[in-house]
Amino acid sequence: MRWTKELIPIAGAIVLALGIGAIVTALTGYSVPAVFKQLVIGAFGDWYQLAQTLTQATPILFTSLSFLIAFRAGLFNIGAEGQLYLGAFFSAWAGFSLRLPPVLHTVVCLLFGAVAGAIWGFIPGWLRAKRGANEFVTTMMLSYVAIYLTSWLVAPGGPYHGTQWANQTVRIATSAQFPRFIRGAQLSWGIVVGVLIAFIVWYLLFRTPRGYELRAVGQNPLAAEYGGINVARNLILALVLAGALAGLGGAAETLGTHRRFIENFSPGYGWDGIAGGLIARAHPLGAILAAVLMGALRAGGQAVDRAGVAPADLASVIQGLVIFFVVAPELIRYLRRLRRGKLGDTEP
Amino acid sequence: MEGIVKRFPGVLANAGIDFSLSWGEVHGLLGENGAGKTVLMSILYGLYQPDQGRIFVRGKETRIRSPHVAIQLGIGMVHQHFMLVPRLTVLENMAVGWEPRLGPLLDRRAMREKIEALVEEYGLEVDPDAKVEELSVGEQQRVEILKALYRGAEVLILDEPTAVLVEQEVEALFSTIRTLKEQGKAVVFITHKLHEALEICDRITVLRKGKNVGTLSASEATEEGLAEMMVGREVVFTVSPEPVKSEGRVLLSVEDLSARDDRGVPVVRGVSLQVYDHEILGIAGVQGNGQKELVEAIAGLRRPTSGRVKVGEHDVTGRSPHTLASRGLVHIPEDRHLRGLILTFSVEENAVLGRHREPRFALGPWAQRRSAIRAHAQELVRRFSVSVPGLSAPARTLSGGNQQRLILARELSRAPQVVLAVQPTRGLDVGGMEFVWEQFLKARKEGAGILLVSMDLDEVMMLADRIAVMYQGEIVAVLRRGEATKRELGLLMLRGKGAVD
Ligand SMILES: Nc1ncnc2c1ncn2[C@@H]1O[C@H](COP(=O)(O)OP(=O)(O)OP(=O)(O)O)[C@@H](O)[C@H]1O
Ligand SMILES: [Mg+2]
């Protein structure tokens, strides 16, 4: 099975990375058993901790999907962070400004988030397709624009500065909120929506003519053109969808986790999506597992810090090692293909 | 090589092959598409590991774990599809992964000197500073050979080197091969052209379905005998088009068309031509005289700078390949890896490239009809005898000739009005060629018009009702069947109009 073939090296890489993490922990003078115990407890220790893991996995799932759908079309969406912020803000706006019945309100908020992200994907998509501007640069630049823009909107003096004690909007209406699963934990229906969307993305990519075209453009633009596929339009579509997915992730944060828009709410979920998408080998269903892995690393890292067995930095190093070891082979393979150029990826 | 076995999921590519190569020998390797030639040689070059079998190099049993090891053993390979980096210069390409180092810097001067010496010695003319993307296929091949020799190859494997060459280039390649042989080096020469094998080889090995069906000395061999060994039946080497009557309808009309190449040089200059119903119009010309750009401009893959293209009554100038296809024009592209296939896509997916949106294969943009796609792929594979490891196997895993068959099957199955075919039989075995020719003649009989661009003059002369000679971006002559000898055509191709006097 292809499945196991992909999973075994990934599991191996994780074990290897954790091994090196253990050595680093020992060398820096901390207790290996204590640190690893906290990592595991923090991620999977009880229902509450598991909920923590999944709460963190939710936005990462969306940004991973965002990264991989662009990647499938041969594009790098580096701007998921900004798209996430825009999605979060605009869904919050719809959440506190509109008066709608419960389920409908949630759906409308999600749409607001998706559309805001999509617009933020359309701009670099259009620039790339029509002007050849490198999306790597444009998505990243636009990302900062979005982050600062939303910061300003909720800063003191900004139009949506909602509370005195923090830079955030007012709470969204109850009718817009995602229900939560466990009292006291932030885990919400966002994760369910995320998994559903992962399946939809899988269907889109592998079972529809649209997905076929998107992947064709990513694999061989010249052959795609030959096959009557409009390359420019697909490049735009890919980034629009990537933006929409990251925007949805932001909306899920707003509707489920925070129930308002908070400045700097994301600890880098957009960036995690790059690693997540690569760990998933750009497969939408793999992204579910990848996001859980990344979420677990984050939740475990927080527990290490909270228990005081080692500083948060050490936990970050371990997280970094895992990501690096899992992603590196894929990245190297990709870069090598890029280097060999058009004539290269051939027989045998 | 003794008892080499190599299995891939779904295929037994090599089923216990014995193969030997002596110094100072040119050894031909023949066999049908998918017989296992490339796989066998890839094993010798360290690209694949055999499942069973042993390899002896200079009498010593050796494991060739990677191409790097092969190169150190003095084994070099030039692949069926080149592996150069288009954006780099010849010199840079030769250096990739193999830099003679002067401290941390590339010792360009030493490299250049060595390369120039090799160019001289083997008559492999290329400009070391040209970018690979600007070179013709023939030149790119010389770069590949140079690269192998530069790395010290004493055994040189050439996988279908002549498939991409015109006759003069073949001659030049042969003289390089002879030089290598005189120096006591060994060459493996894979080809589908039997007369070439007979001309240049000392011994010939024929593979069939992964088995060695015989090694014989070239002096004992005949074309008929070899063909029968390969295919297991008699093969015809020529087809004779029966005369058919054209109704005089113009199916494809090109009017005063001009186009530039990728560097912006005008290489198609005011070309006009008509393809009628029941007709094959051949375009002959030395490569690089604008044929590629002309075809691309017609096929909607390159914007013409002026002029028109009409399919039947419809003006299709600058329209997309999709529109052209809906008007009944199909295109068999020159480069199967660059245009014709998406190598990472499955056989099924490739079988509907360009048709993936037809109602037959899709329910609107949001759902595919997977069973219809599968059935269609199945049908193509059966009708055109494409040998595939499986319908969901990536096109990359098909042998070169089978990749070409898949493209031909896909395009010809569309019941086209106009066929734009560039090198359609490139890489096909004798049986495959015969089959394609028959298909073309059948389409012609049923009323289609075919524009056939081929560097193989014999092929053009055999099939075409009229031959247009292209020289420096212009059509310099249009001749009816039998109006010119091969020699006269050759002269026209080389010198243009001046040749007629
Ligand atoms: N990587 C691979 N995975 C699976 N099957 C493969 C792979 N490479 C080759 N094959 C199969 O092995 C068989 C032999 O292929 P090979 O490329 O050696 O043929 P060939 O004799 O060179 O044919 P051609 O004349 O068409 O180039 C084919 O059926 C091909 O599909
Ligand atoms: Mg081959």
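Residues numbered from 1 in each chain as written. Chains lettered and ligands numbered in written order. Predicted model: local features only at pLDDT ≥ 70, side-chain atom pairs only at ≥ 80, totals over all residues. Heavy atoms only, no water.

(A) Inspection of unusual backbone geometry at higher detail. Positive phi is not limited to glycine here, since A:R259 has a value of about 60 degrees. In this structure, A:R259 sits in the loop between α10 (231-258) and α11 (269-279). (Helix = DSSP H or I, 4+ residues; strand = E, 2+ residues; numbered from the N terminus.)

(B) Main features of the layout of surface pockets. All names here are of chain B. Approximately 1400 Å³ is the volume attributed to the second largest pocket. E133, L135, Q140, K292 and L338 are, among the 47 residues lining the second largest pocket, the residues nearest its centre. Elements that contribute at least two residues to the lining of the second largest pocket include exactly α5 (137-150), α9 (291-298) and α11 (336-340). It is α9 that contributes the most residues to the lining of the second largest pocket, 5 residues altogether. By residue class, the composition of the lining of the second largest pocket is 16 nonpolar, 15 polar and 16 charged. (1 Å grid on protein atoms, 1.4 Å probe; cavity = no way out; pocket = protein on both sides within 12 Å on 5 of 7 lines; lining within 4 Å. Points joined across faces, edges and corners; volume = space filled by probe spheres on them. Nonpolar A, V, L, I, M, F, W, Y, C, P; charged D, E, K, R; others polar.)

(C) Summary view of the sheet that holds strand β2 (residues 11-17) of chain B. Residue and element names in this part refer to chain B. A sheet is described by the order of its strands in space; here 4 strands give the open sequence β2-β1-β4-β5, paired in antiparallel fashion. Sheet topology places β2 and β5 (60-62) at the edges, where each strand pairs with a single neighbour. Each strand of the sheet is rotated relative to its neighbour by a mean of 35 degrees, with strand direction disregarded. (Pairing = 2+ DSSP bridges. Axes fitted to C-alpha atoms, helices over the stretch in contact; angles between N-to-C directions.)

(D) Region of the structure containing empty space enclosed by the protein. Counted under the stated rule, the structure contains 7 cavities of 30 Å³ or more. The volume enclosed by the largest cavity comes to roughly 160 Å³. If you go around the largest cavity, you meet 16 residues; those closest to its centre are A:Y226, B:P321, B:A325, B:H331 and B:R414. Of all the secondary-structure elements, those providing two or more residues to the lining of the largest cavity are α10 (321-326) and β18 (329-332) of chain B. At 4 residues, α10(B) tops the list of elements feeding residues into the lining of the largest cavity.

(E) Layout of the interface of chain A and chain B. With 30 residues of chain A at the interface, the matching set in chain B holds 48 residues. Across the interface of chain A and chain B, roughly 3500 Å² is buried in total on both sides, 57% from carbon and sulfur atoms. There are 3 salt bridges connecting chain A and chain B. With its nearest N and O atoms 2.8 Å apart, the salt bridge here joins B:E349 to A:R215. Our count for the contact surface shared by chain A and chain B stands at 18 residue pairs in polar contact (both at pLDDT 80 or more). (Contact = heavy atoms within 4.5 Å. Buried area = accessible area lost by both parts, 1.4 Å probe. Salt bridge = Lys/Arg side-chain N within 4 Å of Asp/Glu carboxyl O. Polar contact = N/O pair within 3.5 Å; in protein donor to acceptor, adjacent residues only side chain to side chain.)

(F) Region of the structure containing the environment of B:Q378. Residues and elements named next belong to chain B. Counting through the fold element by element, Q378 comes out in helix α13 (residues 370-383). Classification of Q378 by relative accessible area gives partly exposed; the value is 47%. Sequence separation of Q378 and V347 is 31 residues, and the distance between their C-alpha atoms is 9.4 Å. (Buried < 20%, exposed > 50% of the residue type's maximum accessible area, 1.4 Å probe, protein only.)

(G) Focus on the site of ligand 1. Residue and element names in this part refer to chain B. Within the structure, ligand 1 sits among 23 residues, and G34, K37, T38, S399 and G401 are positioned closest to it. Between ligand 1 and the protein, one listed contact pairs an oxygen atom with a side-chain N or O atom of N33 at 3.0 Å. A distance of 2.9 Å is found between an oxygen atom of ligand 1 and a backbone nitrogen or oxygen belonging to V39. For ligand 1, the accessible surface in isolation is 630 Å², of which the surrounding protein chains cover 93%. Its residues assigned to classes, the shell around ligand 1 shows 8 nonpolar, 12 polar and 3 charged. Per-domain counts for the shell around ligand 1 show at least three residues from each of domain 1 (2-231) and domain 3 (342-414). (Near = heavy atom within 4 Å. Areas by Shrake-Rupley, 256 points an atom, 1.4 Å probe, with all protein chains shown as cover. Domains from an automatic or database assignment.)

(H) Representation of the sheet that holds strand β20 (residues 449-453) of chain B in the model. All names here are of chain B. Pairing is mixed across the open sheet formed by 6 strands, whose spatial order is β18-β19-β20-β15-β21-β22. Sheet topology places β18 and β22 (474-480) at the edges, where each strand pairs with a single neighbour. Going across the sheet, the axis of each strand differs from the next one's by a mean of 15 degrees, ignoring polarity. Here strand β19 (residues 418-422) runs beside β20; their pairing, made up of 5 bridges, is parallel. Across the sheet, residue A421 finds its bridge partner in β20, namely L452.

(I) Representation of a nonpolar patch on the surface within the structure. Nonpolar side chains collect at one region of the surface, where A:W47, A:F181, A:I182, A:W189 and A:V192 lie side by side and expose about 530 Å² of accessible area between them. Position of A:W189 relative to the elements: it lies in the loop between α6 (135-154) and α7 (190-207). (Patch = residues over 30% accessible without salt bridge, like charges linked within 9 Å, V, L, I, M, F, W, Y side chains within 5 Å.)

(J) How the structure looks around the domain arrangement of chain B. Residues and elements named next belong to chain B. The domain boundaries assigned to chain B delineate domain 1 (2-231), domain 2 (237-328 + 416-501) and domain 3 (342-414). The interface is formed by 7 residues belonging to domain 1 together with 7 residues belonging to domain 3. Contact between domain 1 and domain 3 buries roughly 470 Å² in total, counting both sides, with carbon and sulfur atoms accounting for 47%. In this assembly, domain 1 and domain 3 are joined by 0 salt bridges. Here domain 1 and domain 3 share 2 residue pairs in polar contact (both at pLDDT 80 or more) between them. By residue class, the composition of the side of domain 1 that touches domain 3 is 2 nonpolar, 5 polar and no charged.

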